[in-house]
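What the coordinates show
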Amino acid sequence: MKPTTQRQNTVMPNPAAQDAGQPAGAPTQPDRRRALRIASAALLSAPALVGLARAQGGHAMPTMKMGGSGHGDMDMPMDGPGERAAAPAPARAPFRRALLIPPMLMGKADRGVLRYSLTARAGASRLVEGLNTPTWGYNGALLGPVLAIPRGRPVHISVTNGLAQSLTTHWHGALVPGRMDGGPHSLIQPGTMLDYRFALDQPGATLWYHPHTEYRTGAQTYAGLAGMLLVDDGIDRKLGLPHTWGVDDIPVIVQDRRIAASGQLIYMSEAMRDLMGMKGDRFLVNGREQPYVEVPAQHVRLRLLNGSNARSYHFALDDRRPFDVIASDSGLLARPAVTRALLLGPGERAEIVVDLSKDQGRALVLQSRSGEVAHLLGSSSDDSDAWDLRTFDLLRLVVTRPTGVSTSVPGVLADIEALALTGAPVRRITLQGMSKAMKPMRSDVDRGAPPNSGPGGMSLGIAGQQLFSLNHRFFDMSVIDQRARLGGVEIWEFVNDQEMAHPMHIHGVAFQVLSRDGNPPPVWERGWKDTVLVRRGETVRVGMRFTQPADAAHPYMYHCHILEHEANGMMGQFTVS
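Anyway, here's the lowdown on the structure attached to this text. Note that this is a predicted model, so its numbers are computed, not measured.

**Details of unusual backbone geometry**
- Despite not being glycine, Phe95 shows a phi value in the positive range, around 65°.
- On the secondary structure map, Phe95 appears in the loop between strand S6 (83-84) and strand S7 (104-105).
- On the basis of relative accessible area, Phe95 is assigned to the buried category, the value being 18%.
- Even without a glycine there, the phi angle at His472 is positive, about 60°.
- One can find His472 in the loop between strand S30 (469-470) and strand S31 (479-480).

Next up, the structure:
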């Protein structure tokens, strides 16, 4: 669908200017909870929950019929309005299985072009020990291969849709034209293929790819569709950084899932909580729960990707040793930043280097010390679960003998361009959480996909509702919200006066974090980024240059990367010309 309407740009003439329109006051806690109750009641009445069985005789607990994919149907008891308590998956068996290292595709050379091929398909995976789980993946049952793309080299990436529903594939962090960005306007219908053609003229970085289908981004990503994309400019090897894939250069894709005893993925089963963002109680790294990886007693590089739908992680090692942050979302930092813990919101990436040269024969555990930062991310019990308030394990590092290859972390990594921002226009983007002023819910059935058409009958959840907003406006595919000038430099100011943190992602650009509440950002945020976590009550400014075009037929998105927020209104569109 081609957007036909233009909303008024929210642009201020200079950084000192003030937005004439102030956002309405945040709803009070009672208002917020009332909104959740209204949403939950609406979910129960929505045709999307076609499997809901009515309670009989006024005493029986209502149930929801779930497809079992080889295990038979299950009647899931409902805890309350819109909530079901599935029988849990088996108890955790931490660190008993080796970390899976996704294969790396280098591309096939063809007349000066590198060609890559991806196919989205259904399969089954052992996410937790002892269970087979129906999943989706690219070129396999879960996740996808790592695409290694040399900087500036023309590439063609063919994406074939082997699923029974439409999807898109978005190149998160890639500086490509809007028509190649893989946003919701670039649908790939079942059984068809879309050929993406571009060259990535940007610094070496850890990017990723995932669906960006309208209404179904959260469900399709949760089902397993995601993978890393590495822009390779050769600088890391020249600097002597660890770079041997799967040996001292380790991909760490962290995701959380909720899994039934049958093995089935459970998506948005608890309406009162999951509308705030889908969080699970099983923690996967590269598709396996709490695995281990053998690493040499030397400098080891971990490429951290928060691939979860909604959960933030506060990464640290269990002995609280310091480590070097060498890169943020979109490339190397100017200098290594030493820290003992690193907070990443959904969609954010970072590369860290851990010195294990004196640890042969030992084991360390990569953890999320989430409880230490819970107060920064939300103030309501609706925004957090028990795991947000504690420390939990993710990956065990078993240190073996060194490889003999010398690596290091030099004091200078990259030259970060200083954007000329004096007098640059400022766009203010205000972030609104769930409001009591909601419109009636509509069902997934109305959007061309049966509600339980995820892998193994997984629910696709509820989307397309007017629950979260930007500048008090809800996402509309037919509306262009902002227009930017090609080659122009701007400041975007994200104002979060709500109780909950929101990770804000802007397509088609790399930006620099300029300030948090008027203060300089931490040193590990002073490189190029494409996603920034705007904590509750915080104002964050970012600066960027628009180097790629995007027209009204294929505009760029800007949105919250809590995927259930994006799917329920918290997204806008902009063109660059």
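**A look at the sheet that holds strand S32 (residues 482-484)**
- Taken together, the five strands give an open sheet; going across it, the order is S32-S39-S38-S34-S36, and neighbouring strands pair in mixed fashion. Every interior strand has two partners, whereas the edge strands, S32 and strand S36 (531-534), have only one. Taken pair by pair, the neighbouring strands of this sheet meet at an average axis angle of 25°, ignoring direction.
- Of the pairings in the sheet, the one linking strand S34 (residues 502-506) to S36 comprises four bridges and is antiparallel in character. Looking across to S36, one finds that His502 is bridged to Val534.

**Looking at the packing of aromatic side chains**
- Counted according to the given criterion, the structure contains 16 aromatic pairs.
- Lying across the ring of Tyr222, Arg257 places its NZ or CZ 4.4 Å from the centre.
- The ring of Trp387 has Arg390 sitting right over it, with the charged end atom 4.5 Å from the ring centre.

**Thoughts on the nonpolar core**
- Counting 76 residues, the largest nonpolar core has Ile157, Trp171, Trp492, Phe494, Ile506 and Val542 as the members making the most contacts within it.
- Among the elements that take part in this core, strand S9 (residues 113-125) stands out by supplying four residues, more than any other.
- Those residues within four positions of Ile506 in sequence are excluded, and the remaining contacts are Trp492, Phe494, Phe511, Asp530, Val542, Met544, Met557, Tyr558 and Phe574.
- Core analysis: the second largest hydrophobic core is formed by 33 residues, Ile250, Val254, Val295 and Leu342 among them.

**Some remarks on the pattern of salt bridges**
- Considering all chains together, one arrives at 37 salt bridges under this definition.
- Residue Glu372 pairs with Arg369 through a salt bridge whose shortest N-O separation is 2.7 Å.
- Taking relative accessible area as the criterion, Glu372 reaches 34% and is therefore assigned partly exposed.
- Under the relative-accessibility criterion, Arg369 is labelled buried at 18%.
- Close ionic contact of Arg545 with Glu417 constitutes a salt bridge, the shortest N to O distance being 3.0 Å.

**A word on the side chain of His565**
- Along the chain, His565 turns up in helix H6 (residues 563-566).
- His565 has contacts with Leu275, Met276, Gly277, Phe468, Met500, His502, Cys560 and Met570, leaving out every residue within four places of it along the chain.

**A closer look at empty space enclosed by the protein**
- Scanning the entire structure with this criterion turns up nine cavities of 30 Å³ or more.
- Estimates place the volume of the largest cavity at around 150 Å³.
- If you go around the largest cavity, you meet 17 residues; those closest to its centre are Lys279, Ala310, Ser312, Leu377 and Asp383.
- Of the residues contributing to the lining of the largest cavity, the split by class is nine nonpolar, four polar and four charged.

Reading the values: rules and limits
- Each residue is numbered by its place in its chain's sequence as written, counting from 1.
- Local features in this predicted model are restricted to residues of pLDDT 70 or higher, and side-chain atom pairs are both shown and tallied only at a pLDDT of 80 or more, whereas totals for entire chains, interfaces and linings draw on every residue.
- The basis for every side-chain value is the complete set of heavy atoms in the structure, and neither hydrogens nor water enter the calculation.
- Secondary structure is summarised from DSSP: a helix means a run of H or I of at least four residues, a strand means a run of E of at least two, and numbering begins at the N terminus for each.
- The buried label goes to any residue with under 20% of its type's maximum accessible area, the exposed label to any with over 50%, and the partly exposed label to all in between, with areas taken from a 1.4 Å probe on protein chains only.
- Strand pairing is defined by DSSP finding a minimum of two bridges between the two strands.
- Between N-to-C directions, angles cover 0 to 180 degrees, with each direction set by a line fitted to C-alpha atoms, over the stretch in contact for helices.
- By convention, a stacked pair of Phe, Tyr or Trp rings (six-membered ring in the case of Trp) has centres within 6.5 Å and planes under 30 degrees apart, an edge-to-face pair has planes over 60 apart, and any other such pair is tilted.
- Here, over-ring charges are defined by two tests on the NZ atom of lysine or the CZ atom of arginine: distance to the ring centre within 6 Å, and angle to the ring normal within 35 degrees.
- By nonpolar core is meant a set of buried Ala, Val, Leu, Ile, Met, Phe, Trp, Tyr and Cys residues that side-chain atoms within 4.5 Å join together.
- Here, two residues are considered to be in contact whenever any of their heavy atoms come within 4.5 Å of each other.
- For this analysis, a salt bridge means a side-chain nitrogen from Lys or Arg found within 4 Å of a carboxyl oxygen belonging to Asp or Glu.
- Using a 1 Å grid laid over the protein atoms alone, points where a 1.4 Å probe fits but cannot get out form a cavity; open sets with protein on both sides within 12 Å along at least 5 of 7 lines form a pocket; any residue with an atom within 4 Å of a point counts as lining.
- Grid points are joined across faces, edges and corners, and a volume is the space filled by probe spheres set on the points.
- Amino acid classes used here: Ala, Val, Leu, Ile, Met, Phe, Trp, Tyr, Cys and Pro are nonpolar; Asp, Glu, Lys and Arg are charged; the rest, including Gly, are polar.

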